Amino acid sequence: MAKARGKSASPVDKVLNSIKTNKIKFIDLKFMDFPGLWQHFTVPVSEFDAGSFKDGYGFDGSSIRGWKNINESDMLIIPDAETLFIDPFIEAPTASLICDVYEPATKEKYSRCPRNIAQKAVAYLKSTGIADMAYFGPEAEFFVFDDVRFDSTPNSSFYFVDSEEGRWNTGTDEGPNLQYKPRYKEGYFPVPPSDSLNDLRNEMCERLLDMGIPVEAQHHEVASGGQCEIDLRFQPLLTSADQLLMFKYVVKNTAKLHGKTVTYMPKPIQGDNGSGMHVHSSLWKKGKPLFAGGGYAGLSEAALYYIGGILKHAPALLAFTNPTTNSYKRLVPGFEAPVRLAYSQRNRSAAVRIPMYSNSPKAKRVEFRCPDPSANPYLAFSAIMLAGLDGIQNRIEPGDPLDKDIYDMPAEELANVPETPGSLEGALKALADDHEFLLKGDVFTEDVIETWIDYKMENEVKPMALQPHPFEFGLYYDV
């Protein structure tokens, strides 16, 4: 006689069991502010039980960037039981949970909560009947520095970054200076000792793997001065965004343990490569990939329309995928990042690339190469998917592929190839003019779009425009 199958534990039960097994003393509750940084507060384990996943925890939202005014500042966060991880950086045994933000009066999810926007994007995808799963795989590059200083006052402004492996330190007295410093733009894949950060990246990978985040590879990146990349395996949209934030948390804190600092700022070093975040995406339905077919580069008709949607809406997308003024010091024509809105197989100079490493239908995907790691992943991934879906729904043709090195094409050939906005202000203007595709399914709302544009203009674009730049003194002091 067959034994009856036992009922599997619920996600909440698994959290409670883990708390007991690991002798947890504190619960750390993490949530996302509007621009894209994790926030948190901590409760003793005695203040946490199964009811916490229903009742949540109240807090003052008036000081969170882009959120409520002080007259309506009471907010609620409710943890998601599927996001548990044991925090490796907090001394007391601590379990961390990612939370969703709610309006306390209605118990409805807060419309400006970025994670809520990603959840609505996933629900909308399923409602279309086009697909039931969107996979995303970001490649977030970063710099590891040994010293960072900056300041801006009414009468001065400067920044200073330094790395033991920075090429600019070949003449520095390091007592002794052993060199092994990658040349500018030659930091891609050198072995140690030129790659001085291999052990540090391995330690980061170990922590990620211990937290259940699959790592595919790690390596030094192109720039001198500590540029690195750790590749995570693709995941469903919401999980991928959650894991990208966990990844940033692990990378920054592991570096700090070694007296180093990490930045995901797109362009911290002048004259060498900046940090991008190439975003791979694909749609699936009932366990089958939808992007494989008999068209160009082995793509299906749906995949080509998906590309058409991304290319059409790219100027507006960049307001979310490249959301800082610094982003546009990386997105420079003919330099390092793809700014021409074209697509191609294998070609890394096009904004959209179709990787050709494998002939497996499961590996067929679209890579959007413009984004950078300053993006809020919940907003960026959702916007990319919505642009692609709009392409499928409206059968937007992507045009002919551009299988040339765009960086070397003459100006007359490039004249008919559109390019990305040249500034954050330009991307925000494009978003203001083109965001109907983001409103489908109530994924983004007019309030979210307007608040994003206003926040970025008032807190980043306008203050930057008013700030004298040190380089201007060399240009204009003697006029």
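1. A word on the environment of L200
Step number 1: Tracing the sequence through the fold places L200 in helix α4 (residues 198–210).
Step number 2: Spatially, the C-alpha atom of L200 lies 15 Å from that of E141, the residues being 59 residues apart in sequence.
Step number 3: Ignoring any residue separated from it by four or fewer positions in sequence, one finds L200 in contact with V144, T254, A255, H258 and K260.

2. Considerations on helix α11 (residues 446–466)
A turn of α-helix holds 3.6 residues, and therefore any two residues three or four places apart point the same way.
Step number 1: In this model, α11 (21 residues) spans 29 Å end to end at C-alpha, consistent with the 30 Å of a helix rising 1.5 Å per residue.
Step number 2: Of all the bends found along α11, the most pronounced is centred on M457 and spans about 40 degrees.
Step number 3: Taken together, the buried positions of α11 are occupied by V448, I449, T451, W452, I453, Y455, K456, M457 and V461.
Step number 4: Along its buried surface, α11 packs onto α3 (114–128), α6 (301–321), α7 (377–393), α9 (424–433) and α10 (436–439).

3. Some thoughts on α7
Step number 1: Across its 17 residues, α7 extends 24 Å between first and last C-alpha, which sits within 8% of the 24 Å expected from 1.5 Å per residue.
Step number 2: If you check the start of α7, you find a side-chain oxygen 3.2 Å away from the backbone N of Y378, and it comes from N376.
Step number 3: Just downstream of α7, R395 is the residue with a positive phi angle, here 50 degrees.

4. Considering the packing of helix α5 (residues 237–257) against α7
Step number 1: Remark: α5 packs on α7, axes separated minimally by 9 Å, with the N-to-C direction vectors making an angle of 150 degrees. One way to sum up the angle between α5 and α7 is to call them roughly antiparallel. For α5 against α7, the interelement crossing comes out right-handed. Residue-level contacts link L237, L238, S240, A241, D242, L244 and L245 of α5 to P377, Y378, F381, S382 and M385 of α7.
Step number 2: Grouping the constituent residues of the contact of α5 with α7 by class yields nine nonpolar, two polar and one charged.

5. Side note on the pattern of salt bridges
Step number 1: Going through the model one piece at a time under the given rule, you end up with 25 salt bridges.
Step number 2: Across the pair K30 and D87 runs a salt bridge, and its minimum N-O distance is 3.2 Å. A residue pair is termed long-range when its members are at least 10 positions apart, and K30 in strand β1 (residues 26–32) and D87 in the loop between β5 (85–86) and β6 (94–102) qualify at 57 residues. Neither residue differs from the other here; K30 and D87 are each classed as buried.
Step number 3: Across the pair R149 and D147 runs a salt bridge, and its minimum N-O distance is 3.2 Å.
Step number 4: By relative accessible area, which is 43% here, R149 ends up partly exposed.
Step number 5: Members of the salt-bridge network, linked through shared partners, are D80, D100, K109, R115 and D242.

6. Description of empty space enclosed by the protein
Empty space left among the atoms is revealed by rolling a probe the size of a water molecule over them.
Step number 1: Counted by the stated rule, this structure contains two cavities of 30 Å³ or more.
Step number 2: Volume-wise, the largest cavity comes out at about 40 Å³.
Step number 3: Every residue lining the largest cavity is listed: P138, L232, R233, Q235, S240, Q243 and L244.
Step number 4: Ranked by residues supplied to the lining of the largest cavity, first place goes to α5 with three residues.
Step number 5: Considering only residue class, the lining of the largest cavity consists of three nonpolar, three polar and one charged.
Step number 6: Of the voids in this model, the second largest cavity is the one considered here, and its volume is about 40 Å³.
Step number 7: Secondary-structure elements contributing two or more residues to the lining of the second largest cavity are β1 and β6.

How each quantity is defined
- Residues numbered from 1 in each chain as written.
- Predicted model: local features only at pLDDT ≥ 70, side-chain atom pairs only at ≥ 80, totals over all residues.
- Heavy atoms only, no water.
- Helix = DSSP H or I, 4+ residues; strand = E, 2+ residues; numbered from the N terminus.
- Contact = heavy atoms within 4.5 Å.
- Expected span 1.5 Å × (residues − 1).
- Bend = angle between axes of the 7 residues up to and from the residue.
- Buried < 20%, exposed > 50% of the residue type's maximum accessible area, 1.4 Å probe, protein only.
- Polar contact = N/O pair within 3.5 Å; in protein donor to acceptor, adjacent residues only side chain to side chain.
- Axes fitted to C-alpha atoms, helices over the stretch in contact; angles between N-to-C directions.
- Parallel < 35°, antiparallel > 145°, perpendicular 65-115°, else oblique.
- Left-handed = near helix turned anticlockwise from the far one by under 90°.
- Nonpolar A, V, L, I, M, F, W, Y, C, P; charged D, E, K, R; others polar.
- Salt bridge = Lys/Arg side-chain N within 4 Å of Asp/Glu carboxyl O.
- 1 Å grid on protein atoms, 1.4 Å probe; cavity = no way out; pocket = protein on both sides within 12 Å on 5 of 7 lines; lining within 4 Å.
- Points joined across faces, edges and corners; volume = space filled by probe spheres on them.

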